[in-house]
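Chain and residue survey
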Amino acid sequence: MFTRLVLAAIAVFTFAAPALAADVTFRGEVHYDERRSVPPEAKLWVSLVSLPSGATIASASAPIGKAAQPALAYTLNVRSKIVEQGGSFGLLAQIRSGYRVIFRSQSPVPVNLTELKDTPLTVRYSPDPAPTAQLGAEIVPPLLDTLWTVASIGGTPVLDETKVTFAIAADYRAGGHGGCNNYFTEASFADQPLSFGPVVGTRMACADNVMKQETALFAALETTANYRQTGDSLQLLDAAGIALIELVRSR
């Protein structure tokens with residue numbers, strides 16, 4: 001018999017689409033080989049993917065803690081226009097220690113959105129190799145899964161009446177709050193140390209100075225070609241190494 005460990009409800013990254021959509025909730029248990037130990041800092045990740053492509057629609061995590069048991073209960077709430085549009089979907093699970101995968105699903109488990117049932121997931125011991133130092137376009141783990149607050153854009157401090165945030169999820173979906181609208185993009189560490197795809201956002205209207213600041217933020221993100229991180233500070237840079245956006249770690 002498996003001991004049931006109920007994780008806190010997993011907070012979903014809703015970067016898949018800017019439009020509001022209804023929640024879809026997935027539940028079940030993730031099973032792993034109890035003969036393998038799980039580090040106390042490990043997290044359970046559950047992802048909703050599109051089939052057959054395997055593209056990630058939403059992904060979220062919750063800490064397992066010291067009371068790890070071979071059956072981990074999960075709840076994944078997804079709000080995405082992509083789900084509303086229909087198609088075939090599946091769930092994947094991973095157990096990660098830091099930024100290394102220790103256990104992983106071998107393939108997605110299909111889910112039926114018209115008849116949601118508890119979906120059991122099995123992960124097998126399949127650890128990533130230990131990280132090695134690399135030069136060039138390396139991914140610095142503290143840059144991911146971290147909430148940042150924007151301090152200045154183009155050298156101009158952020159307006160006092162706004163709070164502008166930024167984060168890159170482990171699957172490279174990025175976004176935050178622009179001061180008026182939520183915004184969404186995708187990070188890439190492939191061709192340059194860091195770049196972003198087109199930025200899209202919700203369509204709320206705010207004061208002219210707030211909208212001007214938000215437009216500058218989106219333009220700076222799309223111009224980003226590099227970054228510099230020092231402790232709790234982060235700079236997004238252009239190709240010439242000039243700081244476009246300055247940020248500080250929020251958590």
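One structure accompanies this document, and this report is about it. Residues take numbers from 1 onward in each chain, read along the sequence in its written order. Note on the predicted model: pLDDT of at least 70 is required for a residue's local features to be given, and 80 or more for side-chain atom pairs to be given and counted; whole-chain, interface and lining totals, by contrast, use all residues. No hydrogens and no water enter the side-chain calculation; it runs on all heavy atoms of the structure.

**What to know about the overall build of the protein chain**
- Labels follow the DSSP assignment, with helices taken as runs of H or I lasting at least four residues and strands as runs of E lasting at least two, numbered in each case from the N terminus. A tally of regular secondary structure across the protein chain gives 2 helices and 20 strands.
- For the protein chain, the proportion of its 251 residues judged to be buried stands at 41%.
- Here the Shrake-Rupley method, with its probe set to 1.4 Å, supplies the accessible areas, and only the displayed protein chains count as covering residues. As displayed, the protein chain has an accessible area near 13,100 Å², and 53% of this comes from carbon and sulfur atoms. Buried, partly exposed and exposed residues are distinguished by accessible area as a fraction of the type maximum, computed with a 1.4 Å probe on protein chains only: under 20%, between the cut-offs, and over 50%, respectively.

**Section: the side chain of Thr185**
- Within the secondary structure, Thr185 sits in strand β15 (residues 182-188).
- Every residue pair with non-hydrogen atoms within 4.5 Å of one another is taken to be in contact. Setting aside residues no more than four positions away along its own chain, Thr185 makes contact with Arg173, Ala174, Phe196, Gly197, Pro198 and Val199.

**As for the environment of Ser126**
- Residue position: Ser126 is located in the loop between β10 (124-125) and β11 (148-153).
- In this structure, Ser126 is in contact with Val101, Ile102, Phe103 and Arg104, ignoring residues within four places of it in sequence.

**Re the pattern of salt bridges**
- One side-chain nitrogen of Lys or Arg within 4 Å of one carboxyl oxygen of Asp or Glu is enough to make a salt bridge. In total, this model carries 2 salt bridges according to the counting rule given.
- The salt bridge involving Lys117 is made with Glu115; its shortest N-O contact spans 3.5 Å.
- For Glu115, a relative accessible area of 47% translates into the label partly exposed.

**What to know about the pairing of β15**
- Paired strands, in this sense, are two strands between which DSSP finds at least two bridges. Bridge count for strand β14 (residues 173-177) against β15 is 5 bridges, and the pairing is antiparallel. Across the sheet, residue Gly175 finds its bridge partner in β15, namely Phe184.
- Remark: 4 residues form the turn of the hairpin made by β14 and β15, two consecutive strands paired antiparallel; Gly179 in that turn has positive phi of roughly 110 degrees.
- In the sheet, β15 pairs with strand β17 (residues 200-201) via 2 bridges, with the strands oriented antiparallel. Of the residues in β17, the one forming a bridge with Tyr183 is Gly201.
- Note: β15 against strand β16 (residues 195-196), 2 bridges, orientation antiparallel. Across the sheet, residue Ala187 finds its bridge partner in β16, namely Phe196.

So yeah, pure geometry; function would need other evidence.
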